[in-house]
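Structural overview for review
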Protein chains: 2
Amino acid sequence: MIKPQTLKGFRDFLPKEARKRQFVINTLKKVFESYGFEPLETPALEYEEILLGKYGDEGDKLMYRFEDNGKRKVALRYDQTVPLARVVAQYQNELPMPFKRYQIQNVWRAENTQKGRYREFLQCDIDTVGQGSPASDAEIIVIAAKALDELGFKNYKIRVGDRKLFEGIPEAAIIIIDKLKKIGEEKVIAELKEKGLDEKILNKVKSSKPSADIELILGIAQDLGVADKVYFDPTLARGLNYYTGMIFEIEIEEYSAGSVCGGGRYDNLIGMFTNKQIPAVGFAFGFDRIMEAMEELNLFPKNLQITQVLVTIFSQEFKEKSLETASFLREKGINTEVYLDENAKMEKQLKYADQKGIPYVVIIGPDEDSKNMVTLKNMKTREQITITSKDVPKKIKAD
Amino acid sequence: MIKPQTLKGFRDFLPKEARKRQFVINTLKKVFESYGFEPLETPALEYEEILLGKYGDEGDKLMYRFEDNGKRKVALRYDQTVPLARVVAQYQNELPMPFKRYQIQNVWRAENTQKGRYREFLQCDIDTVGQGSPASDAEIIVIAAKALDELGFKNYKIRVGDRKLFEGIPEAAIIIIDKLKKIGEEKVIAELKEKGLDEKILNKVKSSKPSADIELILGIAQDLGVADKVYFDPTLARGLNYYTGMIFEIEIEEYSAGSVCGGGRYDNLIGMFTNKQIPAVGFAFGFDRIMEAMEELNLFPKNLQITQVLVTIFSQEFKEKSLETASFLREKGINTEVYLDENAKMEKQLKYADQKGIPYVVIIGPDEDSKNMVTLKNMKTREQITITSKDVPKKIKAD
């Protein structure tokens, strides 16, 4: 017999978890759409040549690549930015510019799972393509903040940096300085020395002032309601060297695992499949981190439970009554499951409601039927009342 | 330069199409959830041995299989039923039974694209696992109908068959009889003869009466509101030979490309990774067919457009006013985009709204600003009025 198992780094999401994921996805979509961003979907598989060489040596190594049945070299989606660049090139005559899109799809990376990384994970990207104004940068920052607000986060800080400040500074030094917040000044200086780099670079970066563009961006962002969250940090570098201007990261104070969101302006990437330079600015949420932070801070709504009522079947005789009552409750907008095995003991049916976390149970037996009533049991308080089925929706909503 | 292109059989969904897909997905989810079904997600990649041999020789041939970087033999999701069987086995101690789940994810099959088939397509499955009562079968049929109702389809018929009627009939004959509706009686008889099969089988099947179970199922389904849609057809066989009882297909009268939905009871499949027999009944929507039928019958809502208002920027001077107005509209629940390039001519901004199909444009220039008003332009009628920004939400909702 074949062992039922998933691949390392791949996950099943059972209903309880899947519901939470849907809640976060729907919240993000709502915020993105309120700013006029629209959905884009791209295929899981691309020609290998579209993706290869776009993510450095590390990317090429971690990419899932293979030959398909038609001997084409293909690769699984590794991020959503390169596919976006392909889309912008492929449909350049029909896509209105600016192209403001969000994209929420899985990506696949053969990561080392011992570091707590997954090999299949959801990316939530939002980007404005074809607009280079500081207001676009500011809008992107504000959307990230609004999304966190909407999810219920309160204490977060938006660190804004300026990739331009690092012009002329060796890559090796940038990588070390980027760690300042994490490892502290002493260690940064030690590492710079160790690598034979001039330790004065750190002070030079630390004392840098934001460019006029960054000041404009910060000003607009503050006007748009994030004044108490946003601050300038010249030492923020972000790993990816494709950024060309404003960069930012958001950290949630009570959540120490790292930033939950990051992005910036990258004006030289989206044009990679055309001969044009196409400005772009965007950000991505770390979906798994958001989920973890929501869980830790207890931010998931109590009523995420999809099914609100389980209608039991007392016996064959009362089955029709139960089915009718369930139909009525659904018409009233109440998600209602029926326990469709008339031979199951009532105890078993109640236990099932408990296991699934269904908050209410309806019972219709001979007593209830004779009075044309139903018994409504609150599974949390274990209280039960006998009322008409018409009164059930009201009672549930009032509780 | 690398040519920006997608693989044969793979599709990008640009916003206009992606919005329609989301509408259908959300409608289906809503209906599924109203019956107490909950979401499940499984990985895109599985161990090859989990999937191999489960879909016949054809399936093994069309499956995307490869060796991953760790030399594991893996395969891309081919359907959602085998992964469901794996999940039921893998989490058997924590999953409450019955397990009522829906699953809406992509599957990958290296189909012949000349037949108009795709290699990546969305499957929408819903199944009740662990319940063998006729009421479960009836519920599944009713949910399929309710989903079509909710999408706006009116004229459809639910053909219900009984796989048990085919016991003892050679597989080759079943395949031919299944085509009766499509090719007619004469051709079926001819084909039976050609294959050296007894042509009397056809009349035997045609005159079969439904079993007691099927009668019960039909009765309950009729009671639950599909009496005018459902009929028994003993010649329905459905291709897949894993069905064990009730089978059904739904055809939309005005849509001739084939059935949009099909399913049935399959009591011997879900237990494949355990040593238990686990009853199951479910169905799947042909998502691409549903999309096509919705399009042909013009069933997509007119207001599917996500962005309702484009706020233009008249010039640098009035940018802040425009940004403020946009924030106000968003607070009122109106999805609002700002054209964030203050140097763009008004004509260009209006053209952009037209290209994107945004129904309203707000303009705030010196005239409007001096009166503390805004101009609201209806892009369809080209009418424009000057009102206070406070009145914009009312006006839009009234139109």
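Our subject in this report is the structure included herewith.

Cut-off values and rules
- Residues numbered from 1 in each chain as written.
- Chains lettered and ligands numbered in written order.
- Predicted model: local features only at pLDDT ≥ 70, side-chain atom pairs only at ≥ 80, totals over all residues.
- Heavy atoms only, no water.
- Helix = DSSP H or I, 4+ residues; strand = E, 2+ residues; numbered from the N terminus.
- Rg over C-alpha atoms; globule rule 2.2 N^0.38 Å.
- Buried < 20%, exposed > 50% of the residue type's maximum accessible area, 1.4 Å probe, protein only.
- Contact = heavy atoms within 4.5 Å.
- Areas by Shrake-Rupley, 256 points an atom, 1.4 Å probe, with all protein chains shown as cover.
- Pairing = 2+ DSSP bridges.
- Axes fitted to C-alpha atoms, helices over the stretch in contact; angles between N-to-C directions.
- Phe/Tyr/Trp six-rings, centres within 6.5 Å; stacked < 30°, edge-to-face > 60°.
- Lys NZ or Arg CZ within 6 Å of the ring centre and 35° of its normal.
- Least-squares fit on C-alpha atoms with pLDDT ≥ 70 in both.
- Buried area = accessible area lost by both parts, 1.4 Å probe.
- Salt bridge = Lys/Arg side-chain N within 4 Å of Asp/Glu carboxyl O.
- Polar contact = N/O pair within 3.5 Å; in protein donor to acceptor, adjacent residues only side chain to side chain.
- Expected span 1.5 Å × (residues − 1).

Structural notes on the overall build of chain A
For chain A, the helix and strand inventory stands at 15 helices and 16 strands. Relative to the 2.2 N^0.38 estimate, which gives 21 Å for 399 residues, the radius of gyration of chain A is 27 Å and therefore markedly larger than a compact globule would have. Judged by the C-alpha coordinates and their principal axes, chain A covers about 85 × 55 × 45 Å. Classification of the 399 residues of chain A by burial places 59% in the buried group. Counting contacts in chain A only where the partners sit at least 6 residues apart, residues at least 24 apart contribute 67% of the total. Accessible surface, chain A as shown: approximately 17,400 Å² in total, 47% of it carbon and sulfur.

Here's the deal with the sheet that holds strand E2 (residues 45-47) of chain A
Residues and elements named next belong to chain A. Strand order in the open sheet formed by three strands is E2-E4-E3, and the pairing between neighbours is antiparallel. Of all the strands in the sheet, just E2 and strand E3 (65-67) have a single pairing partner and so form its edges. Averaged over all pairs of adjacent strands, the angle between strand axes in this sheet comes to 35°, irrespective of strand direction. Pairing of E2 with strand E4 (residues 73-76) involves three bridges; the strand directions are antiparallel. When the bridges of E4 are listed, tyrosine 47 appears paired with valine 74.

Topic: the packing of aromatic side chains
Overall, the coordinates contain 23 aromatic pairs over all chains when judged by the stated rule. Ring plane angle 80° and centroid distance 5.2 Å describe the contact between tyrosine 339 of chain A and tyrosine 352 of chain A, whose orientation is recorded as edge-to-face. Here tyrosine 339 of chain A is found in the loop between strand E13 (336-338) and helix H13 (346-356), whereas its partner tyrosine 352 of chain A is found in helix H13, with 13 residues between them in sequence. The exposure classification of tyrosine 339 of chain A matches that of tyrosine 352 of chain A, with both residues buried. Measuring from ring centre to ring centre gives 4.4 Å for tyrosine 55 of chain B and tyrosine 78 of chain B, while their planes differ by 45°; the resulting arrangement is tilted. Note that tyrosine 55 of chain B is positioned in the loop between helix H2 (48-51) and helix H3 (56-62) and tyrosine 78 of chain B in the loop between strand E4 (73-76) and helix H4 (81-90), a separation of 23 residues in sequence. For tyrosine 78 of chain B, a relative accessible area of 6% corresponds to the buried category. Following the ring pairs from residue to residue traces out a cluster consisting of Phe32, Tyr102, Phe248, Phe283 and Phe285 of chain A. Between the NZ or CZ atom of arginine 11 of chain A and the centre of the ring of tyrosine 118 of chain A, over which it lies, the distance is 3.3 Å.

Digging into the pairing of E4 of chain A
Residue and element names in this part refer to chain A. Bridge count for E3 against E4 is three bridges, and the pairing is antiparallel. Pairing of glutamate 67 across the sheet is with lysine 73, part of E4. In textbook terms, the turn of a hairpin is the stretch between consecutive antiparallel strands, and for E3 and E4 this stretch comprises five residues, one of which, lysine 71, has a positive phi near 65°.

What about the relation of the copies chain B and chain A?
Mapping chain B onto chain A calls for a rotation angle of 180° and an axial translation of 0.0 Å; the resulting RMSD is 0.0 Å. What we have between these two chains is a two-fold relation. Identified as the residue of chain B closest to the rotation axis by C-alpha distance is phenylalanine 66 of chain B, at 3.2 Å. A shared binding surface is used by both copies, with 100% of the interface residues of chain B retained as interface residues in chain A.

Remarks on the interface of chain B and chain A
Where interface size is quoted, it is often the accessible area lost as the parts come together. Facing the 97 residues of chain B at the interface are 97 residues of chain A. Buried area between chain B and chain A, summed over both chains or domains, comes out near 8,200 Å², and the portion from carbon and sulfur atoms is 58%. Among the residues of chain B in contact with chain A, Leu7, Glu41 and Leu340 of chain B are the three that bury the most area, contributing 9% of the side total. Our count for the chain B to chain A interface comes out at nine salt bridges.

With respect to the environment of threonine 274 of chain B
Residue and element names in this part refer to chain B. As for its position among the elements, threonine 274 is in the loop between strand E10 (261-265) and strand E11 (280-286). The buried category is assigned to threonine 274, whose relative accessible area is 8%. Between the alpha carbons of threonine 274 and aspartate 367 there is a distance of 75 Å; along the sequence they are 93 residues apart. Looking at threonine 274, its side chain comes within polar contact range of the main-chain nitrogen of lysine 276, at 3.2 Å.

A short note on helix H5 (residues 134-151) of chain A
An α-helix turns once every 3.6 residues. As a result, residues three or four positions apart point the same way. Taking 1.5 Å as the rise per residue, H5 of chain A with 18 residues should run 26 Å; its terminal C-alpha atoms sit 26 Å apart, in good agreement. Across the 18 residues of H5 of chain A, 15 count as buried, placing the element largely inside the fold.

So, the sheet that holds strand E16 (residues 384-387) of chain B
Each strand in a sheet pairs with another by means of backbone hydrogen bonds, the pair being arranged parallel or else antiparallel. Residues and elements named next belong to chain B. Here five strands make up an open sheet; going across it, the order is E13-E12-E14-E15-E16 and the pairing mixed. For this open sheet the edge positions go to strand E13 (336-338) and E16, each flanked by a neighbour on one side alone. With direction set aside, neighbouring strand axes in the sheet form an average angle of 25°. Here four bridges tie strand E15 (residues 374-378) to E16, and the two strands are oriented antiparallel to one another. Across the sheet, the residue bridging to threonine 375 is threonine 386, located in E16. Against the sheet, helix H12 (residues 319-331) makes contact with strand E12 (309-311), E13, strand E14 (360-363) and E15, and its axis sits at roughly 165° relative to E13, the strand it touches most.

Details of the pattern of salt bridges
Tallied over the entire structure, the rule returns 59 salt bridges over all chains. A salt bridge links glutamate 38 of chain A to arginine 19 of chain B; the nearest nitrogen and oxygen atoms lie 2.5 Å apart. Here arginine 19 of chain B lies in helix H1 (residues 15-34) and glutamate 38 of chain A lies in strand E1 (residues 38-39), a pairing that spans two chains. Here glutamate 38 of chain A matches arginine 19 of chain B in class, with each residue buried. Of the charged contacts in the structure, one is a salt bridge between arginine 86 of chain A and glutamate 46 of chain A, with a shortest N-O distance of 2.7 Å. Linking arginine 86 of chain A in helix H4 (residues 81-90) with glutamate 46 of chain A in strand E2, this pair joins segments that are 40 residues apart in sequence. For arginine 86 of chain A, a relative accessible area of 0% corresponds to the buried category. Salt bridges sharing common partners tie together Arg19, Glu337 and Lys356 of chain A together with Glu38, Lys100 and Glu139 of chain B.

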